[in-house]
Amino acid sequence: TMTDPRQGTRFGVYLCPPAGDPYYALGSKLLGFDVRAGRAVALPDFLRPEWQADAGPYGLHLTVVEGFYTNPAWWPEIEAEVRACLACLLPDTVLTLTAGRVEAWDNGETWVHRLNANEPLLVLHTLLLARLARFVTASPFEAPVVAGKYAQPFEQARLRLLHTPRGLDSWKPHFTLVQPYGGADPEGLRARLTALMSPHHVQTYRSVALFEKREGEVRWRVRADFSLAPPQTA
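Definitions and cut-offs
- Residues numbered from 1 in each chain as written.
- Predicted model: local features only at pLDDT ≥ 70, side-chain atom pairs only at ≥ 80, totals over all residues.
- Heavy atoms only, no water.
- Helix = DSSP H or I, 4+ residues; strand = E, 2+ residues; numbered from the N terminus.
- Rg over C-alpha atoms; globule rule 2.2 N^0.38 Å.
- Contact = heavy atoms within 4.5 Å.
- Lys, Arg positive; Asp, Glu negative; His and termini not counted.
- Charge placed at Lys NZ, Arg CZ, Asp CG, Glu CD.
- Salt bridge = Lys/Arg side-chain N within 4 Å of Asp/Glu carboxyl O.
- Buried < 20%, exposed > 50% of the residue type's maximum accessible area, 1.4 Å probe, protein only.
- Arc of directions from axis to C-beta.
- Pairing = 2+ DSSP bridges.
- Phe/Tyr/Trp six-rings, centres within 6.5 Å; stacked < 30°, edge-to-face > 60°.
- Axes fitted to C-alpha atoms, helices over the stretch in contact; angles between N-to-C directions.
- Parallel < 35°, antiparallel > 145°, perpendicular 65-115°, else oblique.
- Left-handed = near helix turned anticlockwise from the far one by under 90°.
- Nonpolar A, V, L, I, M, F, W, Y, C, P; charged D, E, K, R; others polar.

A. Representation of the overall build of the chain within the structure. Of regular secondary structure, the chain possesses six helices and 10 strands. On C-alpha atoms alone, the chain measures out to a radius of gyration of 18 Å, which is about the 17 Å that the 2.2 N^0.38 rule sets for 234 residues. Long-range contacts, defined as pairs at least 24 residues apart, comprise 74% of the intrachain contacts of the chain with a sequence gap of at least 6. Charge separation in the chain, taken as the distance between the mean sites of 24 positive and 24 negative side-chain charges, equals 1 Å.

As structure tokens, then:
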């Protein structure tokens with residue numbers, strides 16, 4: 001038995017471009033970590049390793065379901081549940097992100113590529129979050145809550161039901177690009193990131209990635225990719 005569930009295995013359901021995708025290559029370089037290959041990547045000259053201490057170990061990802069703690073014995077059930085949820089969507093569904101823009105959060109510490117989700121992606125986010133809640137043994141939001149964050153009634157209700165105060169009708173889909181930024185030129189960083197992201201402000205996915213962080217490891221890995229149902233043939 002795990003004495004401290006926060007030290008255990010974690011899972012997350014993310015959007016993650018395929019290995020050969022230009023956006024994936026760009027994001028992996030910014031973060032200094034290629035999560036699909038499981039290897040470090042040299043950072044660009046305008047970023048320092050300490051500025052990616054939080055974001056880097058995850059690799060490039062957009063959170064659909066948070067990186068919750070779980071029991072590794074439940075992996076088969078978690079995978080089956082993800083497949084079952086994807087199978088509920090219409091056969092020709094695509095998950096589309098639009099209106100991409102660079103935003104600075106957390107008083108300039110966190111830099112993200114923020115996008116808008118289409119209706120099927122919002123539905124899938126909600127369905128997966130609800131259906132996977134029973135596999136959560138601990139939440140990364142427990143410490144912030146103790147510190148007094150997420151105290152609004154709707155956030156408390158979400159924490160009780162879904163183990164996260166975020167998402168649902170206040171979901172902000174995003175790829176984290178830099179965290180925690182500690183430099184002295186935020187406007188320069190904004191300009192660089194905006195230029196780099198500009199070709200990628202619309203994205204389409206037909207699969208989700210199940211991420212895993214094993215007990216005792218710092219970095220995440222891609223456990224499996226699950227595709228949406230193929231289009232029906234006449």
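B. Quick look at the pattern of salt bridges. Enumeration according to the criterion identifies 13 salt bridges in this entry. Measuring nitrogen to oxygen at the nearest pair gives 3.0 Å for the salt bridge that ties Glu66 to Arg166. Note that Glu66 is positioned in strand β4 (residues 62–69) and Arg166 in the loop between α5 (153–162) and β7 (174–178), a separation of 100 residues in sequence. Overall, the relative accessible area of 10% leaves Glu66 in the buried class.

C. Up close: α5. Listing the buried residues of α5 in full gives Glu155, Arg158, Leu159 and Leu162. Buried residues along α5 cover an arc of 105 degrees about the axis, so they all sit on one side. Exposed positions of α5 whose direction lies more than 90 degrees from the buried face are Pro153, Arg160 and Leu161. Where α5 is buried, its residues contact β4, α3 (119–132) and α4 (142–146). Downstream of α5 by one or two residues, His163 has phi in the positive range, about 70 degrees.

D. Just the environment of Cys85, in detail. Along the chain, Cys85 turns up in helix α2 (residues 75–87). Judged by its relative accessible area of 3%, Cys85 falls in the buried class. Residues Cys85 and Leu128, 43 residues apart in the sequence, show an inter-C-alpha distance of 6.6 Å. Beyond its immediate chain neighbours, meaning those up to four positions away, Cys85 contacts Leu124, Leu127, Leu128 and Arg131.

E. Layout of the pairing of strand β1 (residues 10–15). Among the six residues in β1, six count as buried, and that is most of the element. Strand direction decides the pairing type here: β1 and strand β9 (residues 207–213), joined by five bridges, are antiparallel. By the bridge assignment, Arg10 is partnered in β9 with Lys213.

F. Local environment of the pairing of β4. Burial analysis of β4 places eight of its eight residues in the buried class, the great majority of the element. Taken together, the five bridges between β1 and β4 define a ladder with antiparallel strand orientation. By the bridge assignment for β4, Leu15 is matched with Leu62.

G. Molecular detail of the packing of aromatic side chains. In this structure the tally under the stated criterion is nine aromatic pairs. For the ring pair Tyr14 and Trp220, a centre distance of 6.1 Å and an interplane angle of 50 degrees mean the geometry is tilted. On the criterion of sequence distance, the pair formed by Tyr14 in strand β1 and Trp220 in the loop between β9 and β10 (221–227) is long-range, its members being 206 residues apart. Here Tyr14 and Trp220 have matching classes, each one buried. A ring pair is formed by Trp51 and Tyr181, whose centres lie 4.9 Å apart and whose planes are at 70 degrees; its orientation type is edge-to-face. Here Trp51, found in the loop between β3 (39–40) and β4, pairs with Tyr181, found in the loop between β7 and α6 (186–197); they are 130 residues apart in sequence, far enough to count as distant. Residue Trp51 shares its accessibility class with Tyr181, and that shared class is buried. Taken together, Tyr14, Tyr58, Phe211 and Trp220 form an aromatic cluster joined through their ring pairs.

H. Representation of the side chain of Thr9 in the model. Here Thr9 shows up in the segment before β1. By relative accessible area, Thr9 is classed as buried at 6%. Each residue touching Thr9, except ones within four places of it in the same chain, is listed here: Phe68, Tyr69, Thr70, Pro72, Trp75, Lys213 and Glu215.

I. Examining the packing of α2 against α3 more closely. Running from N to C, α2 and α3 cross one another at 150 degrees; their axes reach a closest spacing of 10 Å. When the interaxial angle is binned, α2 and α3 end up roughly antiparallel. The hand of the α2/α3 crossing is right-handed. The segment α2 lies against α3, with Ile78, Glu81, Val82, Cys85 and Leu86 engaging Leu124, Leu127, Leu128, Arg131 and Leu132. A class-by-class count of the residues in the contact of α2 with α3 yields eight nonpolar, no polar and two charged.

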